[in-house]
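# Secondary and tertiary structure notes
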Amino acid sequence: MAHDLNPLQQMIKNQLIARGIKDEAVLEAMQRVKRHLFVSETDRLQAYGDFPLPIGHNQTISQPYMVAVMTERLRLRQGEGTVLEVGTGSGYQTAILAEIASEVVTVERISALSNKARQRLTGLGYNNIRYIVGDGALGCPEYAPYDAIVVTAAAAHVPRLLVEQLRDDGRLVMPVGGASSQTLQVLTRVANDVHCQDIVNCVFVPLISETI
Ligand code: SAM
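What you see is a predicted model; the values in this text were computed from it and never measured.

### Section: the pairing of strand β8 (residues 182-190)
Extensive coverage of β8 is indicated by the burial of 7 of its 9 residues. In this antiparallel pair of consecutive strands, β8 and strand β9 (residues 193-202), the connection spans 2 residues, and A191 shows a positive phi of 55°.

Take a look at the structure:
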């Protein structure tokens, strides 16, 4: 007898696996983190839809596929490594990262969003996340170098300070381009060199910073 899939299982099958997400650690993390807990009561029925949703302050929780593809491209190993996330937002991707990496440092410029995400993630039992309020374009040198950096807001170029805070062989994923559309780029630091690869077109809210 066929079993009906719930909305979360449908999201994993139809939006992630069907589009080529293969990393078991990412798929399992996205199975464990319930996206409906990161959106407003009024958006809960749409929480597993294939789109971003508003989280207040003109910001969004990212589309599940984007969260998956960005996390996959960080090439994290289960239980290992320190990740810097720029743009905490709702804390949804923070939770996915915290499920896989050993430690997550997450920076958000809007203190109300950071506080809400901290409260939510602490309530869910995450104890391997550091919350910073500030300009993530500066990174967070205090805990550098990072095995991986993910920037969940777009800019015309990757901030130099972020690349400098990557470990050798560290990976950085970020949407790069104009205000209306960008390309998701993966940068890999190899000694003092940086290799860059374009992944997919995307649309993200802007990275707001006076330093870039
Ligand atoms: N990944 C998040 C989630 O799952 O909810 C979505 C993040 S949202 C698309 C982008 C976030 O980046 C917003 O919360 C925005 O306030 C934040 N942001 C924009 N510029 C920033 C900056 N310079 N430093 C830190 N955060 C920034």
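### Thoughts on the pattern of salt bridges
Overall, the coordinates contain 8 salt bridges when judged by the stated rule. In this structure, the salt-bridge partner of R75 is D169, at a minimum N-O distance of 4.0 Å. Highlighted residues: R75 in the loop between α3 (64-73) and β3 (82-86) and D169 in strand β7 (residues 166-177), separated in sequence by 94 residues. Residue classification places R75 among the partly exposed positions, given a relative accessible area of 43%. D169 sits in the partly exposed class, given a relative accessible area of 40%. With a shortest N-O distance of 2.6 Å, E103 and R130 are connected by a salt bridge. Of the two residues, E103 is situated in strand β4 (residues 103-108) and R130 in strand β5 (residues 129-133); the sequence distance between them amounts to 27 residues.

### Topic: the side chain of Q182
Here Q182 shows up in strand β8. For Q182, the side chain forms a polar contact with the main-chain oxygen of G178, separated by 3.0 Å. What Q182 contacts, discounting residues up to four positions off in sequence, is A154, P175, V176, G177, V200, N201, C202, V203 and F204.

### Looking at the site of the ligand
As a structural note, the neighbourhood of the ligand is formed by 26 residues, with S90, E108, D135, G136 and I208 the closest of them. Interatomic distance of 2.9 Å between a side-chain N/O atom of D135 and a nitrogen atom of the ligand. Within the backbone of G136, a nitrogen or oxygen atom sits 2.8 Å from a nitrogen atom of the ligand. Protein burial of the ligand: of its 600 Å² of free accessible surface, 100% is covered by the chains. Contributing elements (two or more residues each) for the shell around the ligand: β2 (59-61), α4 (92-100) and β4. Split by residue class, the shell around the ligand holds 11 nonpolar, 12 polar and 3 charged.

The rules behind these values
Residues numbered from 1 in each chain as written. Predicted model: local features only at pLDDT ≥ 70, side-chain atom pairs only at ≥ 80, totals over all residues. Heavy atoms only, no water. Buried < 20%, exposed > 50% of the residue type's maximum accessible area, 1.4 Å probe, protein only. Helix = DSSP H or I, 4+ residues; strand = E, 2+ residues; numbered from the N terminus. Pairing = 2+ DSSP bridges. Salt bridge = Lys/Arg side-chain N within 4 Å of Asp/Glu carboxyl O. Polar contact = N/O pair within 3.5 Å; in protein donor to acceptor, adjacent residues only side chain to side chain. Contact = heavy atoms within 4.5 Å. Near = heavy atom within 4 Å. Areas by Shrake-Rupley, 256 points an atom, 1.4 Å probe, with all protein chains shown as cover. Nonpolar A, V, L, I, M, F, W, Y, C, P; charged D, E, K, R; others polar.

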